[in-house]
Structures are given as C-alpha cells and as structure tokens.
Amino acid sequence: MTKHSPAGIIPASVEVFAQIKLIARAGSRINIACAYSEYERFTRGRGGKPISAASFVAGLTAVARGAGGMRDDDVVTNLAWLENRHSLLTSNGAGPKGGEQ
C-alpha cells in the first residue's frame, strides 16, 4: 500500500520508518545511503521485506518534500534522526538545558 501526498508517492514501509525514526527539522540533512541501511534493518526487524533502494529514495524524497526539504545529491534535507531530538532541541534553546528532564 502506498500513500499519495502532494510531495509524491510514499510506500507504506517508508512512511512507517519515517514516522518512527525521523523528525522534520529545517536545515537538517540525512545521508540517503545511511538511511536506506537503517531502513533495511528496521524493516527486517519487523519481519518485513525492504523495498528496492530506488523506491526507498523516491519515498524518502517525498517525505523530505513534505517537510519543505528536497534531495540534494546523496542527502535529503529538512529531516533529522528522531534519536537525536534531544540534542536538536537543546542546541537551539527550544528544549531542556543542563541535563533537565
């Protein structure tokens, strides 16, 4: 199943991956090869079969466009790893500082 968005077609597995692993963040960049490698691990870990790299890149690019980003050679812009959200929030003053929880 795929999702049709104004930014393009997003395969369901890419949408789930993006919702769980990524966050929209202006000025951020994610390396596409690293993202695909993580997507493969993520999908297999959930008992699924990864889609082709080309389909993943098209879907990830659509996700980036939905966040106001784009594909720029080997990266997509305006997306960041969700696991880095704490450092992203504290680096711009929009979140807790000094170890506060």
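Quantities reported herein were computed from a predicted structural model and do not represent experimental measurements. (Residues numbered from 1 in each chain as written. Predicted model: local features only at pLDDT ≥ 70, side-chain atom pairs only at ≥ 80, totals over all residues. Heavy atoms only, no water.)

### Section: helix α1 (residues 12-21)
When we look at burial in α1, the residues that qualify are V14, F17 and A18. Along the axis of α1, the buried residues cluster in a sector spanning 95°; they form a single face. (Buried < 20%, exposed > 50% of the residue type's maximum accessible area, 1.4 Å probe, protein only. Helix = DSSP H or I, 4+ residues; strand = E, 2+ residues; numbered from the N terminus. Arc of directions from axis to C-beta.)

### A few points about the packing of aromatic side chains
What the rule picks out here adds up to seven aromatic pairs. For the ring pair F17 and F56, a centre distance of 5.9 Å and an interplane angle of 70° mean the geometry is edge-to-face. Note that F17 is positioned in helix α1 and F56 in helix α3 (residues 53-66), a separation of 39 residues in sequence. Like F56, F17 is buried. Cluster of aromatic residues (ring-pair linked, three or more members): F17, Y36, Y39, F42, F56 and W81. (Phe/Tyr/Trp six-rings, centres within 6.5 Å; stacked < 30°, edge-to-face > 60°.)

### As for the pattern of salt bridges
Counted according to the given criterion, the structure contains three salt bridges. Between K21 and E38 there is a salt bridge whose closest N-O contact spans 3.3 Å. In this pair, K21 sits in helix α1 while E38 sits in helix α2 (residues 32-45), placing the two residues 17 residues apart along the sequence. E38 serves as the salt-bridge partner of R41, at 2.9 Å between the closest nitrogen and oxygen. Within this pair, R41 and its partner E38 are both found in helix α2, separated by three residues, close to a single helical turn. (Salt bridge = Lys/Arg side-chain N within 4 Å of Asp/Glu carboxyl O.)

### Quick look at the sheet that holds strand β5 (residues 75-81)
Spatial ordering of the open sheet is given by β3-β5-β4, a layout of three strands whose pairing is antiparallel. Lying at the two open borders of the sheet, with one neighbouring strand each, are β3 (22-31) and β4 (71-72). Relative to β5, β3 runs antiparallel, the two sharing six bridges. Bridging from a neighbouring strand, N31 pairs with V75 of β5. With respect to the sheet, α2 is in contact with β3, β4 and β5, its orientation differing from that of β3 by roughly 110°. (Pairing = 2+ DSSP bridges. Contact = heavy atoms within 4.5 Å. Axes fitted to C-alpha atoms, helices over the stretch in contact; angles between N-to-C directions.)

### Structural notes on the packing of α2 against α3
Relative orientation of the contacting elements α2 and α3 amounts to 110°, with a least axis distance of 11 Å. When the axis of α2 is compared with that of α3, the two are roughly perpendicular. Crossing angle aside, the handedness with which α2 passes α3 is right-handed. Residues I32, A35, Y36 and Y39 of α2 touch α3, and the partners they reach there are A53, F56, V57 and L60. In terms of residue class, the contact of α2 with α3 is made up of eight nonpolar, no polar and no charged. (Parallel < 35°, antiparallel > 145°, perpendicular 65-115°, else oblique. Left-handed = near helix turned anticlockwise from the far one by under 90°. Nonpolar A, V, L, I, M, F, W, Y, C, P; charged D, E, K, R; others polar.)

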